[in-house]
Amino acid sequence: MDITISAIQLIPLSPAFYVVVPIFVLALGACVGSFLNVVVWRLPRGESLITPPSHCPKCNNLLKWYDNVPVIGWLMLGGKCRFCKQKISARYPIIEAITSLLFLGYYLMFFVAQMGPIVGVDAQGHILTGARPLSIVTDWPIYFLDMVLLSGLLAASLVDAEQYIIPLEIPWFVAVVALIVHAVFDEPSTPGGLVAQPLPAALAVGAGIGVIISFLLWLTGILRGSFAEGAPLMEIERAALEKQREQQQTQPDQEQPKRSKAAREALEREGTQAEREVVVEEKEWTPAQIRAEMRWEMLFLLPALVLGIGAVLLAWKVPSFSRIWDQAASIRWVSALLGSVLGGLVGGFVVWLARILGTVGFGREAMGLGDVHLMVAVGAVLGAGPAIVAFFLAPFFGIVLAIYMMVTGTRREMPLGPYLSLGSATVMLFYGPIAAYLAPGLAGASQMIHGLVGMM
Ligand SMILES: [Zn+2]
């Protein structure tokens, strides 16, 4: 281990390396941004991400490859289609530029400012940064993974802000990449690594099996989902729908966005809440009915809770089992994979618990299940602790945006996804100082719990 580290440090890197890499990162970000434009447009419309190739939505002519060059292509065309000369929205090059600058910004924060992934925090609140500074040469896997998450959060936020849904393909793609990257690259000393101790690893296995059982029961129809006859509109969806209806009444001949037949059918099957509700008349829900629906979601979570606690007790209190388990959990890739699984489970659970409590408390649906999936991705990439911190940071960004809207006089209701994303993007950079600040209090609480458990 020490040998590989010193060997890497001995590689002489020419100054050109430090110029070429940031330029590469900028270009990579621009290309990813270009792909995100496709994702944000096509996923919620049920269209394929691969075919057809980029075309003008107005005249359907295929774009030349050089028109597709991020930002520059749009500038060279003067923001107009090469064929029909209609305007191409400035939002495409803007998203490409933002993604590009995010990639560079996080690169500079991680590897120049040394602000980013950490190894951990001790009980006194000292940040454990590892044996050497963060370097793109050794820590590129965690940078790559964090940029996958950041891109996923950006795409999910853009769709959520417009359509009030999060296409589940986005968080699940990110989560699968996270499981692979952590299993392959994590060592106990890797900054941003998620190698789990035996007891948390047991929790991940038990709760993970519980979720799979619930999911299979739900798939086979034995376990009923909540709102089986269509969920009630959330407040923001209702507002958006009413606005949409108003517009349709005032401008009846307004042109609807053109969609292929397949895309229209897909939309009817799994379109956004607001769009589907135009077709299907809204079912009225009383607060009591909405509260009662939460029983089904609690039932869904029950196997995960029971099996999770059961697995921890087994690995902790039953000596014959804990010997075997300690050995299994000391295999590096197993403990890293389970650390990532645990992060995903905890991230999703925190939002789901808040959703159930909020819905029961207010008698109307609080947070969407899409937010649960989003935080599964965040937890699988960043780990359980950062996912929890990101969740509690999210409301602060809500306040910031509310102040901005008050000052500028704009009114636009926002779903939760963008706030969760801002919280997560912040935690990606500043988890070290935040965890260091929280550590002494958490250590005290954990000592108290140990004391209580010891007394039993
Ligand atoms: Zn055109």
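Our subject is the structure listed above.
Report follows, based on the coordinates. (Residues numbered from 1 in each chain as written. Predicted model: local features only at pLDDT ≥ 70, side-chain atom pairs only at ≥ 80, totals over all residues.)

Overview of the overall build of the protein
The condition that has to hold: Strands here mean DSSP runs of E at least two residues long; helices mean DSSP runs of H or I at least four residues long; both are numbered from the N terminus. With C-beta atoms placed from the backbone, a residue is labelled by how many other C-beta atoms lie within 10 Å of its own: buried for 20 or more, exposed for 12 or fewer, partly exposed between the two. With C-beta atoms placed from the backbone, a contact is any residue pair whose C-beta atoms sit within 7 Å.
A count of helices and strands for the protein gives 16 helices and 2 strands. For the protein, the residues scored as buried account for 36% of the 456 residues in total. Counting contacts in the protein only where the partners sit at least 6 residues apart, residues at least 24 apart contribute 77% of the total.

Observations regarding the environment of Glu96
Topologically, Glu96 is positioned in helix H4 (residues 91-111). In this structure the C-alpha to C-alpha distance between Glu96 and Leu36, which are 60 residues apart in sequence, comes to 8.2 Å. Every residue in contact with Glu96, bar those within four places of it in the chain, is listed here: Ala30, Gly33, Ser34, Pro70 and Val71.

Re the environment of Pro93
If you trace the backbone, Pro93 turns up in helix H4. In the structure, Pro93 is positioned 63 residues away from Ala30 in sequence and 8.8 Å away in space, judged by C-alpha atoms. Those residues in contact with Pro93 that lie beyond four places of it in its chain are Val71, Trp74 and Leu75.

Remarks on the packing of H4 against helix H5 (residues 136-163)
Spelled out, the test is: For helices, the axis comes from a line fit to the C-alpha atoms of the stretch in contact; other axes are also lines fit to C-alpha atoms, and the angle between any two N-to-C directions lies between 0 and 180 degrees. A clockwise turn of the near helix away from the far one marks a right-handed crossing, whereas an anticlockwise turn of less than a right angle marks a left-handed crossing.
For the pair H4 and H5, interaxial distance at closest approach is 10 Å and the crossing angle is 140 degrees. As H4 packs across H5, the resulting crossing turns out to be right-handed. On the side of H4, the interface is formed by Thr99, Leu102, Phe103, Tyr106, Tyr107, Phe110 and Phe111, while H5 contributes Ile136, Tyr143, Asp146, Met147, Leu150, Ser151 and Leu154.

Focus on helix H15 (residues 384-408)
Residues spaced three or four apart along an α-helix point in a common direction, a consequence of the helix completing one turn every 3.6 residues. Our working definition: For a helix, the expected span equals 1.5 Å multiplied by the number of residues minus one.
In a regular helix each residue adds 1.5 Å, so 25 residues correspond to 36 Å; H15 covers 37 Å between its end C-alpha atoms and thus fits that length. Of all the residues in H15, the buried ones are Ala384, Gly385, Pro386, Ala387, Ile388, Val389, Ala390, Phe391 and Ala394. A positive backbone phi angle near 75 degrees is found at Gly409, which sits one or two residues after H15.

Considering the environment of Ile88
Mapped onto the fold, Ile88 is located in the loop between helix H3 (72-76) and H4. Residue Ile88 is classed as buried on the basis of its C-beta count, with 20 C-beta atoms lying within 10 Å. For the pair Ile88 and Cys56, spaced 32 residues apart in sequence, the C-alpha to C-alpha distance is 8.4 Å. Those residues within four positions of Ile88 in sequence are excluded, and the remaining contacts are Trp74, Leu77, Gly79, Lys80 and Cys81.

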